[in-house]
Amino acid sequence: VAAGGFANGRGLLAALALGADGVAMGTRMACTSESPLAHASKLAIVEGRETDTIYSKNFDGLHARVLRTQNSSKVTRRPTNPIAAAYLSFGAAQQVGLPLWKVVPGLLTQWDKMYQLALFGGATKRIMAATVDGDLDYGVQFVGQSLGQVDSIESVADVVDSALEEAAARHALTA
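Here the structure is a predicted model, which is why all the values come from computation and not from measurement.

### Description of the nonpolar core
Working step 1: In this structure, Ala7, Cys31, Leu37, Ala44, Ile45, Val46, Leu67, Ala130, Leu136, Val143, Leu147 and Val150 together form the largest nonpolar core, which totals twelve residues.
Working step 2: It is helix H3 (residues 39-47) that provides the largest number of residues to this core, a total of three residues.
Working step 3: Look past the residues within four positions of Val150 in its chain and what remains in contact with it is Ala7, Thr27, Arg28, Cys31, Ile45 and Val46.

### A few points about the layout of surface pockets
Working step 1: Looking at the largest pocket, its volume works out to about 470 Å³.
Working step 2: If you trace the largest pocket, you find 21 residues lining it, with Val75, Thr80, Leu88, Gly122 and Arg126 closest to the centre.
Working step 3: Roughly 240 Å³ of internal volume is contained in the second largest pocket.
Working step 4: Going through the elements one at a time, helix H5 (82-95), helix H6 (100-109) and helix H7 (111-131) are the ones with two or more residues in the lining of the second largest pocket.
Working step 5: Top contributing element to the lining of the second largest pocket by residue count: H7, with six residues.
Working step 6: Split into classes, the residues belonging to the lining of the second largest pocket amount to nine nonpolar, four polar and one charged.

### Concerning the packing of H5 against H7
A pair of packed helices can be characterised by two numbers: the angle between their axes and the separation between those axes.
Working step 1: Interhelical geometry of H5 versus H7 gives an angle of 65° and a closest axis separation of 7 Å. Overall, the two elements H5 and H7 adopt an arrangement that is roughly perpendicular. As for how H5 packs across H7, the hand of that crossing is left-handed. Along its contact with H5, which presents Pro82, Ala85, Ala86, Leu88, Ser89, Ala92 and Gln95, the element H7 presents Trp111, Tyr115, Ala118, Leu119, Gly121, Gly122 and Thr124.
Working step 2: Its residues assigned to classes, the contact of H5 with H7 shows nine nonpolar, five polar and no charged.

### Brief notes about empty space enclosed by the protein
Working step 1: Under the definition given, this model contains one cavity of 30 Å³ or more.
Working step 2: Considered as a void within the structure, the largest cavity measures approximately 30 Å³ in volume.
Working step 3: The set of elements that each furnish at least two residues to the lining of the largest cavity consists of strand S3 (53-56) and strand S4 (64-67).
Working step 4: When grouped by side-chain class, the residues that make up the lining of the largest cavity number six nonpolar, two polar and one charged.

### Structural notes on H7
Working step 1: Spanning 21 residues, H7 covers 29 Å between terminal C-alpha atoms, matching the ideal 30 Å at 1.5 Å per step.
Working step 2: Helix geometry: H7 is bent most strongly at Thr124, by close to 40°.
Working step 3: Taken residue by residue, H7 has Met114, Tyr115, Ala118, Leu119, Gly121, Gly122, Ala123, Thr124, Ile127, Ala129, Ala130 and Thr131 as its buried positions.
Working step 4: The elements touched by buried residues of H7 are H3, H5 and H6.

### A few points about the environment of Ala44
Working step 1: Position of Ala44 among the secondary structure elements: in helix H3.
Working step 2: Spatially, the C-alpha atom of Ala44 lies 15 Å from that of Gly26, the residues being 18 residues apart in sequence.
Working step 3: With sequence-adjacent residues up to four places away left out, Ala44 is seen in contact with Leu67 and Leu136.

### Considering the side chain of Asp60
Working step 1: By the secondary structure assignment, Asp60 is in the loop between S3 and S4.
Working step 2: Although Asp60 lies buried, it forms no salt bridge, and the closest oppositely charged side chain, Lys57, sits 10 Å away as judged by the N-O distance.
Working step 3: Separated by 3.1 Å, the side chain of Asp60 and the backbone nitrogen of Leu62 make a polar contact.
Working step 4: When residues no more than four places from it in sequence are discounted, the contact partners of Asp60 are Gln116, Leu119, Phe120, Ala123 and Phe142.

Each value, and the rule that gives it
Residues numbered from 1 in each chain as written. Predicted model: local features only at pLDDT ≥ 70, side-chain atom pairs only at ≥ 80, totals over all residues. Heavy atoms only, no water. Core = buried A, V, L, I, M, F, W, Y, C linked by side-chain atoms within 4.5 Å. Buried < 20%, exposed > 50% of the residue type's maximum accessible area, 1.4 Å probe, protein only. Helix = DSSP H or I, 4+ residues; strand = E, 2+ residues; numbered from the N terminus. Contact = heavy atoms within 4.5 Å. 1 Å grid on protein atoms, 1.4 Å probe; cavity = no way out; pocket = protein on both sides within 12 Å on 5 of 7 lines; lining within 4 Å. Points joined across faces, edges and corners; volume = space filled by probe spheres on them. Nonpolar A, V, L, I, M, F, W, Y, C, P; charged D, E, K, R; others polar. Axes fitted to C-alpha atoms, helices over the stretch in contact; angles between N-to-C directions. Parallel < 35°, antiparallel > 145°, perpendicular 65-115°, else oblique. Left-handed = near helix turned anticlockwise from the far one by under 90°. Expected span 1.5 Å × (residues − 1). Bend = angle between axes of the 7 residues up to and from the residue. Lys, Arg positive; Asp, Glu negative; His and termini not counted. Salt bridge = Lys/Arg side-chain N within 4 Å of Asp/Glu carboxyl O. Polar contact = N/O pair within 3.5 Å; in protein donor to acceptor, adjacent residues only side chain to side chain.

Now the structure itself:
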């Protein structure tokens, strides 16, 4: 299964021609009517262009693409301070019911792994703000560069049908 940048039948056909069995359309499917993504975040993606993304590892420690907003530009500018990341990880641990005594030894003995987890834990509030609440002033929304190809909020069935129809029509042109 090919993933990354697929949002329509053209991409599906290209991936199939290169040997893929199918495609994952993450950003496209996030903007369907069935998706639990906050409506405000869906609208921001639909209104965005492929240049409205930032690729960085400074937000949660993993290389990822996020929707460009004033806030995401700020939080991806430089890595989170390690002390702040550790503090934020305690809050994230409490959020999921993880006792702090399980976090502290890891911070002391496996700093590199725990720093990575701390960054992600510290990012959860901003991720939830965007995905659940649609608050892009505080939150950060993960998104693919295919957002420039997403121009509407449709049902999953309509997205799939449209992609299959477009792929079939373009394939017929080459046959």
